[in-house]
Amino acid sequence: MNIKYRPLKAFLLAVDSGSFTHAANQLGVTQPSFTALIQDLEDVLGLRLFERTTRSISLTSAGQDFHSRVQRPIADLEEAYRGLADLAAMRRGNVALGALPSTALTLLPATVGALRKAHPALKVRVVEAHNDELVALLRTNQIEFAVGALAEPAPDLAFTPLTEDCFCAIYPAGHPLGKHKRTLHWRDVLRYDLILLSQGSNARQQFDRAVRDEVGAPATALRYDVTNMGTAAGMVRQGLGVSVLPRLALPELNLTGLRCTPLGDASARRYIGLLHRRDRSLSPAAQALIAQLETVIAGIAPQLLPLPPLAPAR
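Residues numbered from 1 in each chain as written. Predicted model: local features only at pLDDT ≥ 70, side-chain atom pairs only at ≥ 80, totals over all residues. Heavy atoms only, no water.

**A few points about the environment of Ser-267**
Reasoning step 1: Looking at the element boundaries, Ser-267 is found in the loop between β10 (258–262) and β11 (269–277).
Reasoning step 2: Under the relative-accessibility criterion, Ser-267 is labelled partly exposed at 31%.
Reasoning step 3: Separated by 81 residues in sequence, Ser-267 and Trp-186 have C-alpha atoms that sit 9.0 Å apart.
Reasoning step 4: In this structure the side chain of Ser-267 is engaged in a polar contact, spanning 2.8 Å, whose partner is the side chain of Trp-186. (Helix = DSSP H or I, 4+ residues; strand = E, 2+ residues; numbered from the N terminus. Buried < 20%, exposed > 50% of the residue type's maximum accessible area, 1.4 Å probe, protein only. Polar contact = N/O pair within 3.5 Å; in protein donor to acceptor, adjacent residues only side chain to side chain.)

**Quick word on the nonpolar core**
Reasoning step 1: Ranked by internal contacts, the top residues of the largest apolar core, which has 36 residues, are Leu-107, Ile-143, Phe-145 and Val-147.
Reasoning step 2: Mapped onto this core, the elements with two or more residues apiece are β3 (93–99), α6 (108–118), β4 (122–128), α7 (131–139), β5 (145–148), β11 and α11 (284–300).
Reasoning step 3: Here this core takes nine residues from α11, the largest share from any one element.
Reasoning step 4: The residues contacting Val-147, other than those within four sequence positions of it, are Leu-97, Gly-98, Ala-99, Leu-100, Thr-103, Leu-134, Ile-272, Gly-273, Leu-274 and Leu-293.
Reasoning step 5: One finds Cys-166, Val-189, Phe-207 and Ala-268 within the second-largest nonpolar core, a separate group that totals 35 residues. (Core = buried A, V, L, I, M, F, W, Y, C linked by side-chain atoms within 4.5 Å. Contact = heavy atoms within 4.5 Å.)

**Concerning the packing of α6 against α11**
Reasoning step 1: Where α6 meets α11, the closest approach of the two axes is 9 Å, and the angle between their N-to-C directions is 125°. One way to sum up the angle between α6 and α11 is to call them oblique. Considering only the axes of α6 and α11, their crossing is right-handed. Only Ala-288, Leu-289, Gln-292, Leu-293 and Val-296 of α11 make contact with α6, whose side of the interface consists of Ala-110, Thr-111, Ala-114, Leu-115 and Ala-118.
Reasoning step 2: Of the residues in the contact of α6 with α11, the class split is eight nonpolar, two polar and no charged. (Axes fitted to C-alpha atoms, helices over the stretch in contact; angles between N-to-C directions. Parallel < 35°, antiparallel > 145°, perpendicular 65-115°, else oblique. Left-handed = near helix turned anticlockwise from the far one by under 90°. Nonpolar A, V, L, I, M, F, W, Y, C, P; charged D, E, K, R; others polar.)

**Topic: α7**
Reasoning step 1: Residues Asn-131, Leu-134, Val-135, Leu-137 and Leu-138 constitute the buried set of α7. Viewed end-on, α7 has its buried residues packed into an arc of 160°, placing them on one side of the element.
Reasoning step 2: Of the surrounding secondary structure, the elements contacted by the buried residues of α7 are β3, β4, β5, β6 (157–172), α9 (202–213) and β11.
Reasoning step 3: Where α7 terminates, the next one or two residues include Asn-141, which has phi positive at roughly 60°. (Arc of directions from axis to C-beta.)

And the structure:
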């Protein structure tokens, strides 16, 4: 049995209006075309649905039974269609995303603000977390995508780079690091007391990996382990040590009285991009948010410190 939507809609309109003429007008067809739709439906069902005279129509007993069975399913189908159409047109929708603290600090406020202006009905939920936590949230469908780094290969996740980032040495004005005329390296900052982001952060993971792999690196003098990048900058300002922070976060930090120098080691670079599950398609709301994110990244690029030339491999 092959019953199509249009004859069913014609049937329901005829019942509601009590007239083929009025129903045909609502459906936007001529009366002969409308009558043909009803006839096709009756032929498929093998039952007469209407008693028709020149002045009126009425349901047969089969028609009454059929109407009671199809009215709700067709209404549900039309509601589902309207809902999807609204999603496609961004008239409504929800998107949950995750972000590294450095990207949440610099990129997301402007991105979500621009999205609110363009699509006021869309609702955004932001989860700020370390990279490993973001990956876990993706895999359990608690967020739709993440703005982060791909620290290790993950076959189940797609990664689309958005921008290249690097880590920078943060130190007080007048500090010996400021006397270097060449680009700074990991081995330069390792000579001083360090104020680092806590274990679990992508910045700390990359730092630990670089120190482990650095040939001839001196022992790390870790003095302070902090969670917030603003705390790290404040402690540097007090002369408590040197910090290493992501270049991407610097425009939003209070760096008064401090100096920032990008590190030239290849191990101090990372790509920030979009992470999402390969077996899931991004919703229209997520795609709209990503489009705004790309615009914000392009706008903030001139405010960032230039990437230094990479040091030759040792």
